[in-house]
Amino acid sequence: MPRMTFPFGPQHPVLPEAIQLKLTVEDERVVEVLPAIGYMHRGIEKAAEKNPYINNVFLCERICGICSFIHGMAYCQTIEEIMEVKVPPRAEYLRVIWSELSRLHSHLLWLGLLADSFGFESLFMQCWRAREIVLDMLEMTTGQRVIQSTCVIGGVRRDIDAEQAARMREMLKTLKPQIDAVIPVFKHDYTIKSRTVGRGVLPKDQAWKLGAVGPTLRGSGGAWDARLTGYAAYGELGFEPMVETDGDSYARTQVRVRETYQAYELVLKALDRLPEGETKVKVKGFPNGEAAIRVEQPRGELFYYALGDGTSHLERLKVRTPTFVNIPALLTMLPGCEIADVPVIVLSIDPCMSCTER
Amino acid sequence: METISVGKGELGLAVQRLLDENSRLVTAVCLDQEEHFVVKYFFHKEPDLVCLAVKVGKDEELPSISGLHLNAALIENEMKEFFGINITGIALDFGGRLLLSEESPRAPLLKKRPETGDGGID
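Residues numbered from 1 in each chain as written. Chains lettered and ligands numbered in written order. Predicted model: local features only at pLDDT ≥ 70, side-chain atom pairs only at ≥ 80, totals over all residues. Heavy atoms only, no water.

Assigned secondary structure in chain A consists of 13 helices and eight strands. Considering only C-alpha atoms, chain A reaches an extent of 70 × 45 × 30 Å along its principal axes. Scored against the burial criterion, the 358 residues of chain A give a buried share of 61%. Here the analysis covers contacts within chain A between residues at least 6 apart in sequence; of these, 71% occur between residues at least 24 apart. (Helix = DSSP H or I, 4+ residues; strand = E, 2+ residues; numbered from the N terminus. Buried < 20%, exposed > 50% of the residue type's maximum accessible area, 1.4 Å probe, protein only. Contact = heavy atoms within 4.5 Å.)

Here it is, written out as structure tokens:
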């Protein structure tokens, strides 16, 4: 059969993200891939230069609807580092709670999408039903389900009181059996295994050399997780990264499965150890200097860089999101696979084009 | 975070040295400083970041590092599109069409945009 090039995306039933991959195939087998992005660029870095620096928290939160809290927190941490602001311990723990709730709902959403990609509609709905409980927890504690607007420079604007903490523990108790019911399917089901084991293999050395992050790197045996830097309260919670070694779509799924439980435990642990005290400090003045920070989103390491010149506006804000650096890894996974496996392999890096293009 | 200033000519060697030490490119940030650009390459070198800073004149060429680290290709394409910086030899060059379209403004992240009149909306 002659070589043929055709587009995968930008709209595809399995991927609600506007990315196009130009696939060159021979005999149903992919031999070459070229990405085309840029369908939804919003110029957020430019907008951040035009906004007063304090307002950028709300702008950065809108980079992504799934990990909006983590974007806001990353921006706050960057400015706090420039301005040498010490965030109160209670705020650091609250940031961990909301970050891990974001990871929990993101991974449940992704597991649902994976189930949907195989046509497992019931499993998809069960994952998303469990996710609703997490969104309810976010809504109860922050007032919002998607864009929380809770992080501020100097801490957080909301608190979790004893009554809410008790209610959260009850909701987590309800959530646990729902996760336990769906996870075995992702581990043991024949169809899921046959579509993911040995598909889209990314060896460890390549994952590192190509700059892969998050479950894409950890599924290939790379033990890097930005939470190891101990930001917020992670340094006090005994955090260990979840690592699998096979480097295939199944390994990346198992990393997310294990991280779902880990996020659940981290929320409980942070609730148990939540220190008393203030939730924010007053921040005066304007950022003067530069800082670069890394935090861990559900999809991997997120990088923020800010340069302030002592005025109310930033000279430069740079955001580098996990999918942007996972695309080169994806281009390595696809050649050699069958056309039918492309959607699942693409899904296995959990692409977020809204983040990527900013 | 350690910052090392290097010249354009030494960039390749400095990057290779970091890669030999098992570092990985996190990203690069381009700064428009009126007379010139400063490009900062951030490398993850366990457990911290190391920054290589390169000063480039606005009419000068900057050699791509994508031959050493393929992950740099998308990052360099983005810098080239958004700042108009002349990065040469990118392994996968999108020719200004990675993120921007024909109707997009040219070099939108420059502090003062050139009046080229070559299309684009403001």
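The next point concerns the interface of chain A and chain B. Contacts between the two partners involve 32 residues from chain A and, on the opposite side, 35 residues from chain B. Broken down residue by residue, the surface that chain A buries against chain B is led by Trp208, Arg294 and Phe324 of chain A, which jointly contribute 21%. For the pair chain A and chain B, the number of links is five salt bridges. For the side of chain A that touches chain B, the secondary-structure elements that each account for two or more residues are strand E3 (29–36), helix H1 (44–50), helix H8 (204–209), strand E6 (288–297), strand E7 (300–309), strand E8 (314–320) and helix H11 (322–333) of chain A. Of the residues belonging to the side of chain A that touches chain B, the class tally is 16 nonpolar, three polar and 13 charged. (Buried area = accessible area lost by both parts, 1.4 Å probe. Salt bridge = Lys/Arg side-chain N within 4 Å of Asp/Glu carboxyl O. Nonpolar A, V, L, I, M, F, W, Y, C, P; charged D, E, K, R; others polar.)

With that out of the way, let us pick up the environment of Leu34 of chain A. Within the secondary structure, Leu34 of chain A is located in strand E3. Sequence separation between Leu34 of chain A and His12 of chain A is 22 residues; the distance between their C-alpha atoms is 17 Å. Those residues within four positions of Leu34 of chain A in sequence are excluded, and the remaining contacts are Gln20, Leu21 and Lys22 of chain A together with Leu92 of chain B.

Our next topic: the sheet that holds strand E4 (residues 48–57) of chain B. Residue and element names in this part refer to chain B. Overall, mixed pairing links the four strands, which are arranged E1-E4-E3-E2 in an open sheet. This sheet does not close on itself; its edge strands, each paired only once, are strand E1 (2–6) and strand E2 (24–33). Each strand axis lies, on average, 20 degrees off the axis of its neighbour in the sheet, ignoring direction. When E2 meets strand E3 (residues 36–45), the two strands line up antiparallel, connected through nine bridges. (Pairing = 2+ DSSP bridges. Axes fitted to C-alpha atoms, helices over the stretch in contact; angles between N-to-C directions.)

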